[in-house]
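Residues per chain, in single letters:
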Amino acid sequence: MSITFSTTTDLYSEVQQFYAGQMQKLDGGDFEGYAATFTADGEFSHTPGSKPARTRTGIIDSLHEFHRRFENDPVQRRHWFNMISLNPRSDGTIHATFYALVITTRPGGKPDMAPHCVVRDVLVRQESGLLNRSRRVEHDQLR
Amino acid sequence: MSITFSTTTDLYSEVQQFYAGQMQKLDGGDFEGYAATFTADGEFSHTPGSKPARTRTGIIDSLHEFHRRFENDPVQRRHWFNMISLNPRSDGTIHATFYALVITTRPGGKPDMAPHCVVRDVLVRQESGLLNRSRRVEHDQLR
Amino acid sequence: MSITFSTTTDLYSEVQQFYAGQMQKLDGGDFEGYAATFTADGEFSHTPGSKPARTRTGIIDSLHEFHRRFENDPVQRRHWFNMISLNPRSDGTIHATFYALVITTRPGGKPDMAPHCVVRDVLVRQESGLLNRSRRVEHDQLR
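The following paragraphs examine the structure supplied in this document. (Residues numbered from 1 in each chain as written. Chains lettered and ligands numbered in written order. Predicted model: local features only at pLDDT ≥ 70, side-chain atom pairs only at ≥ 80, totals over all residues. Heavy atoms only, no water.)

Regarding the overall build of chain A
Counting its regular elements, chain A contains three helices and six strands. A globule of 143 residues ought to have a C-alpha radius of gyration of about 15 Å, and chain A, at 15 Å, matches this closely. When its C-alpha atoms are laid out on the principal axes, chain A stretches across 45 × 35 × 30 Å. Going through the 143 residues of chain A one by one, you find that 59% of them count as buried. (Helix = DSSP H or I, 4+ residues; strand = E, 2+ residues; numbered from the N terminus. Rg over C-alpha atoms; globule rule 2.2 N^0.38 Å. Buried < 20%, exposed > 50% of the residue type's maximum accessible area, 1.4 Å probe, protein only.)

Right, here's the structure in full:
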């Protein structure tokens, strides 16, 4: 059962709830679930300099490839989003700019911080709720 | 004077406000205030493998015991919650799953990160507002 | 184009959106834009023990002076706010108490944490939206 914000028009909360569900899926290894939060023609650019992943199948493939580096590494990754700034446009899209930090923990270890990023999303509303039409991740250490 | 969201039905914001007040109390050493954010029969499981604390008195006792380790340690602990996913159930309870990080600072020192956790709350609404019926903390480093 | 929450009375979301825009300006080096989020007589106390900056011009000057230390340091600073507790008063002001963490990244480097702070804001509503009448920053390592 998923939450429905039928009694509120508060977009900001809806986006926060959407992001929480989306990233808990990714951090839990549910790549299919993560890809399903994008539109059918969605575009996900997570690594500067490499071609963005396109379509849900393309995003799933890209995630499997990216995560191959963790195959023998029992790391738990957690994506934190913060300072979300929303900009709804007249064409119905919602542009979101926010900060993201990956916090990693290995068994018995202390949390570590992976890159700090600025993320630029274009969200659209479809019957099922919000979806990412695109996501572009910029890494602070590559600026 | 506490905030009342009487003009809004936005549950997500209400939960964020509730958590902020709750954890600022805990980080400020107000164990009684923290325990009062639980129901009378509330259950708080903060350390995997040990028995959960039950009832407000039990929670206060458990916090005093846990904090004994900081008796001669002037550490300032701060609990950060993020990526809150809410799931209101038909029985009126609200299930919340979110990330938590403890950030600690010692006098003259830099902030350090204590465990990264996933927290599972069951919230209920009583006349005074939201309360925790239960809280279960899972530590990433113990997975 | 800036977001307007005309269809909602949810203050909490409005404050989060306000803070995101405000701090993305500061982290982007737009000191004038940051100062414009304060009232004309606004007061900004960011360093304990030194005199608060007053008026928008005073805040801009203070930021230029503070940032002189980063002149030859290509650091990217990011301000994260969390656990925001709002307390609207009967005089129309909104008192906010929250946690703040500065996360810094240097080219090719890993993120680092600068001070953890508790911030105490007084917000007021003017025609243009929310503004800071005052901001007081307390550093955990100086407690």
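Some points on the pattern of salt bridges
Going through the model one piece at a time under the given rule, you end up with 24 salt bridges over all chains. For Arg78(B), the salt bridge is made with Asp140(C), and the minimal N-O distance between the two is 2.7 Å. Taken together, the residues Arg78(B) in strand β3 (residues 76-88) and Asp140(C) in the segment after β6 (129-139) connect one chain to another. Taken individually, Arg78(B) and Asp140(C) each receive the classification buried, so the pair is uniform in this respect. With a closest N to O distance of 2.8 Å, Glu138(B) and Arg120(B) form a salt bridge. With a gap of 18 residues between them, Glu138(B) in strand β6 (residues 129-139) and Arg120(B) in strand β5 (residues 112-126) connect regions that are remote in the sequence. Since its relative accessible area comes to 33%, Arg120(B) is described here as partly exposed. Three or more residues joined by partner-sharing salt bridges are found here, namely Arg120(A), Arg136(A) and Glu138(A). (Salt bridge = Lys/Arg side-chain N within 4 Å of Asp/Glu carboxyl O.)

Quick look at the relation of the copies chain B and chain A
One chain copy maps onto the other through a rotation about an axis and a shift parallel to that axis. With an RMSD of 0.0 Å, the operation that places chain B on chain A is a rotation of 120° combined with a shift of 0.0 Å along the axis. Both chain copies can therefore be described as sitting about a three-fold axis. (Least-squares fit on C-alpha atoms with pLDDT ≥ 70 in both.)

Looking at the interface of chain B and chain A
The partner chain A presents 30 residues to the 29 residues of chain B that form the contact. For the chain B and chain A pair, buried surface summed over both sides reaches about 2,500 Å², with 54% attributable to carbon and sulfur atoms. Looking only at chain B, the three residues that lose the most surface to chain A are Met83(B), Tyr99(B) and Met113(B), adding up to 26% of its buried area. At the junction of chain B and chain A, the tally comes to two salt bridges. There are 12 residue pairs in polar contact (both at pLDDT 80 or more) connecting chain B and chain A. Elements supplying a minimum of two residues to the side of chain B that touches chain A: α1 (11-27), β3, β4 (94-105) and β5 of chain B. Considering every element that reaches the side of chain B that touches chain A, the biggest residue donor is β3(B), with nine residues. Each residue belonging to the side of chain B that touches chain A can be placed in one class, and the counts come to 15 nonpolar, nine polar and five charged. (Contact = heavy atoms within 4.5 Å. Buried area = accessible area lost by both parts, 1.4 Å probe. Polar contact = N/O pair within 3.5 Å; in protein donor to acceptor, adjacent residues only side chain to side chain. Nonpolar A, V, L, I, M, F, W, Y, C, P; charged D, E, K, R; others polar.)

Brief notes about the nonpolar core
Core analysis: the largest hydrophobic core is formed by 108 residues, its most contacted members being Tyr19(A), Tyr19(B) and Tyr19(C). Not counting chain neighbours up to four residues away, the residues in contact with Tyr19(B) comprise Phe81(B), Ile84(B), Ala96(B), Phe98(B), Asp121(B), Leu123(B), Asn132(B), Arg135(B) and Met83(C). (Core = buried A, V, L, I, M, F, W, Y, C linked by side-chain atoms within 4.5 Å.)

Some details on the interface of chain B and chain C
Between chain B and chain C, the contact holds 29 residues from the first and 29 residues from the second. Approximately 2,500 Å² of surface area, both sides summed, lies buried where chain B meets chain C, with 55% of it carried by carbon and sulfur atoms. Where chain B meets chain C, there are two salt bridges. Applying the counting criterion to the chain B and chain C interface returns 12 residue pairs in polar contact (both at pLDDT 80 or more). For the side of chain B that touches chain C, the elements supplying multiple residues, two or more each, are α1, β3, β4 and β5 of chain B. A total of eight residues in the side of chain B that touches chain C trace back to one element, the largest contributor, which is α1(B). Classifying every residue of the side of chain B that touches chain C by side-chain character gives 12 nonpolar, 11 polar and six charged.

Topic: the environment of Arg77(C)
Residues and elements named next belong to chain C. Topologically, Arg77 is positioned in strand β3 (residues 76-88). Considered as a pair, Arg77 and Ile103 are 26 residues apart in the sequence and their alpha carbons are 5.9 Å apart. Apart from residues no more than four positions distant in its own chain, Arg77 is found in contact with Asp27, Phe66, His67, Phe70, Val102, Ile103 and Thr104.

Side note on the pairing of strand β1 (residues 38-45) of chain C
Residues and elements named next belong to chain C. Inspection of the sheet shows β1 paired to β6 by four bridges, in the parallel sense. The residue bridging Phe44 from the neighbouring strand is Arg135, located in β6. Here β1 pairs with strand β2 (residues 53-54) via two bridges, running antiparallel. Of the residues in β2, the one forming a bridge with Phe44 is Ala53. (Pairing = 2+ DSSP bridges.)

A short note on unusual backbone geometry
The backbone of Thr55(A) shows a phi angle near 70°, a positive value even though the residue is not glycine. Among the structural elements, Thr55(A) can be located in helix α3 (residues 55-67).

What to know about the sheet that holds strand β1 (residues 38-45) of chain B
Residue and element names in this part refer to chain B. With mixed pairing, the six strands of this open sheet are ordered in space as β2-β1-β6-β5-β4-β3. Of all the strands in the sheet, the pair left with one neighbour each is β2 (53-54) and β3. The strands that α1 touches are β1, β3, β4, β5 and β6; relative to β3, the one it contacts most, it runs at about 155°. Set on the sheet, helix α3 (residues 55-67) makes contact with β1, β2, β3 and β6; between it and β1 the angle comes to about 35°. (Axes fitted to C-alpha atoms, helices over the stretch in contact; angles between N-to-C directions.)

A word on the sheet that holds β2(C)
All names here are of chain C. If you walk across this open sheet you meet the six strands as β2-β1-β6-β5-β4-β3, and the pairing is mixed. Every other strand in the sheet has two partners, leaving β2 and β3 as the edge strands with one partner each. For strand β4 (residues 94-105) and strand β5 (residues 112-126), the ladder comprises 10 bridges, and the chain directions are antiparallel. Bridged to Ile94 within β5 is Leu123. Contacts from helix α1 (residues 11-27) reach β1, β3, β4, β5 and β6, with the element oriented near 155° to β3. Against the sheet, helix α3 (residues 55-67) makes contact with β1, β2, β3 and β6, and its axis sits at roughly 35° relative to β1, the strand it touches most.

Don't take any of this as a statement about function, it's just geometry.
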